[in-house]
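# Working through the structure, step by step
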Amino acid sequence: MSLTTESSTNFWLTRPFSERSTQIFLGVLLAALALVTILHVVVPPSNPLHVGAYTVNLFGKYLSYALLAVAVDLVWGYLGILSLGHGAFFAIGGYAMGMYLMRQIGERGTYGHPVLPDFMVFLNWDSLPWYWLGFDMAWFAFAMVLIAPGLLALVFGFLAFRSRVTGVYLSIITQALTFALMLAFFRNEMGFGGNNGLTDFRELLGYNLRSNDTRLGLFLATGVALGLGYILCRAIVTSKLGRVSIATRDAEARTRFLGYRVERFQLFVFVVSAMLAGLAGALYVPQVGIINPSEFSPIFSIEIVLWVALGGRATLYGAVIGAILVNYAKTIFTGVMPDAWLFALGAMFVLVTVFLPKGVAGLFHYLKRRKRDDTANNDPNADPTSKEASA
């Protein structure tokens with residue numbers, strides 16, 4: 001009996017590796033990581049193909065956003081929960097990492113205090129707040145990257161799903177949550193740096209954050225985290241848990257009638273998604289060098305949803321495509337025409353909604369189906385009934 005259970009568990013965990021879409025995604029991701037590494041390390045700076053440290057840092061930022069988009073697609077695409085507050089989980093994970101990085105500065109800060117960060121010394125704080133204790137230890141800080149957003153999602157989700165809050169009402173509540181947290185973190189009394197947030201980081205695990213090797217390492221770590229996060233989400237959505245989640249998305253009342261405790265499935269997936277978002281935030285902070293309350297902004301959470309919608313909902317890899325494409329376009333537009341970015345984003349969303357209602361990933365599915373239909377129509381040995389069905 002134990003062998004059967006172990007075998008089925010291993011099969012559940014390894015199921016995504018047998019999917020062609022997962023194989024292609026992981027292959028493209030590994031190829032991209034290897035290519036950037038080679039162009040950065042091997043190709044000399046004088047070569048036009050050389051990838052500089054700034055570009056590597058930028059790519060790492062895109063990958064952290066892609067992991068965040070995958071987390072949102074898990075709850076929106078497969079559970080039917082349109083969360084407008086995932087920026088809060090992203091920011092909390094980022095603040096957990098930022099607190100650890102601030103504790104690593106020590107006496108090298110502007111005021112030279114061995115314990116208190118510079119902003120606390122400036123505000124005349126006498127001692128470190130209790131919720132900062134332990135963040136001088138890497139294992140504790142890395143654990144809080146997952147625990148803090150997961151705990152918030154657990155409490156929020158338990159109250160919301162137990163009360164059967166769904167649809168637009170749940171979306172509004174998630175948006176209110178991140179807005180309330182943004183206002184709270186803006187206050188200096190909270191002990192998180194107020195409007196300026198946490199910045200001036202020096203090192204991570206003893207490695208200089210301004211070093212090109214460290215930046216490359218963070219880029220690769222973010223890519224690995226994205227791959228593992230994608231595999232975890234695929235394992236969830238292809239399991240019985242995923243099938244019940246999809247049934248809940250499509251017909252929640254009918255799923256309840258069949259005897260499933262829907263709120264438990266919703267809560268579990270919601271917490272996993274929040275923890276992935278927190279991990280994305282933790283990988284984002286050391287690469288950009290700052291975390292402030294603007295990451296809690298409801299506008300940012302809405303923008304995450306746009307990434308997923310543009311890439312293709314309920315595909316996971318579409319969320320990755322959407323996050324990278326939109327943020328690359330944002331980098332270009334904000335450098336050339338900063339004031340035109342929001343208009344460009346709105347136009348992009350309208351065009352994709354009208355011409356590609358299933359996103360960029362939907363276009364791939366359409367082309368694949370079109371190719372299959374053309375092959376079937378050109379095959380003289382094909383069953384005529386199958387041609388009629390495909391038509």
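Note that the structure is predicted; figures quoted are calculated from it, not measured.

## Digging into the UniProt feature "transmembrane region" (unreviewed entry) in the protein chain
- Mapped onto this numbering, the UniProt entry gives "transmembrane region" (unreviewed entry) at residues 24-42, 62-95, 139-161, 168-186, 216-237, 265-284, 304-328 and 340-367.
- End C-alpha to end C-alpha, residues 265-284 measures 29 Å, and it is 100% helix and 0% strand.
- Annotated as residues 340-367, this span is 86% helix and 0% strand, and its ends, taken at the C-alpha atoms, are 32 Å apart.

## Points about the side chain of Thr 315
- Locating Thr 315 in the fold gives a position in the loop between α12 (298-311) and α13 (317-336).
- Residue classification places Thr 315 among the buried positions, given a relative accessible area of 11%.
- Leave out the neighbours within four places in its chain, and Thr 315 touches Asp 73, Tyr 78, Tyr 230, Ala 361 and His 365.

## What about helix α3 (residues 53-77)?
- The terminal C-alpha atoms of α3 lie 35 Å apart, and with 25 residues this matches the ideal 36 Å at 1.5 Å per residue to within 8%.
- Burial analysis of α3 places 21 of its 25 residues in the buried class, the great majority of the element.

## Observations regarding the environment of Asp 200
- Residue placement: Asp 200 occurs in the loop between β1 (198-199) and β2 (203-204).
- Spatially, the C-alpha atom of Asp 200 lies 42 Å from that of Glu 263, the residues being 63 residues apart in sequence.
- With residues near it in sequence (within four places) discarded, Asp 200 still touches Ile 105, Arg 210 and Gly 289.

## Overview of helix α4 (residues 86-103)
- The terminal C-alpha atoms of α4, which comprises 18 residues, lie 26 Å apart, in line with the 26 Å expected from a rise of 1.5 Å per residue.
- Most of α4 sits out of view: 18 of its 18 residues are buried.

## Details of the nonpolar core
- In terms of nonpolar packing, the biggest core is built from 110 residues, with Trp 132, Leu 198, Leu 226, Phe 296 and Trp 307 touching the most fellow members.
- Here this core takes 14 residues from helix α11 (residues 262-288), the largest share from any one element.
- If near-sequence neighbours (up to four positions away) are discounted, Phe 296 is found in contact with Ala 88, Ala 91, Ile 92, Tyr 95, Thr 178, Leu 181, Met 182 and Phe 185.

## Topic: the packing of helix α2 (residues 20-41) against α3
- At a closest axis distance of 10 Å, the pairing of α2 and α3 adopts a crossing angle of 165°. In this view, α2 runs roughly antiparallel relative to α3, as classed from their interaxial angle. Viewed along their axes, α2 and α3 form a crossing whose handedness is left-handed. Across from Leu 29, Leu 33, Val 36 and His 40 in α2, the residues of α3 making contact are Ala 53, Val 56, Phe 59 and Leu 63.
- Split by residue class, the contact of α2 with α3 holds 7 nonpolar, 1 polar and no charged.

Rules used throughout
- Residues numbered from 1 in each chain as written.
- Predicted model: local features only at pLDDT ≥ 70, side-chain atom pairs only at ≥ 80, totals over all residues.
- Heavy atoms only, no water.
- UniProt positions renumbered as here; feature names shortened; annotations may be inferred.
- Helix = DSSP H or I, 4+ residues; strand = E, 2+ residues; numbered from the N terminus.
- Buried < 20%, exposed > 50% of the residue type's maximum accessible area, 1.4 Å probe, protein only.
- Contact = heavy atoms within 4.5 Å.
- Expected span 1.5 Å × (residues − 1).
- Core = buried A, V, L, I, M, F, W, Y, C linked by side-chain atoms within 4.5 Å.
- Axes fitted to C-alpha atoms, helices over the stretch in contact; angles between N-to-C directions.
- Parallel < 35°, antiparallel > 145°, perpendicular 65-115°, else oblique.
- Left-handed = near helix turned anticlockwise from the far one by under 90°.
- Nonpolar A, V, L, I, M, F, W, Y, C, P; charged D, E, K, R; others polar.

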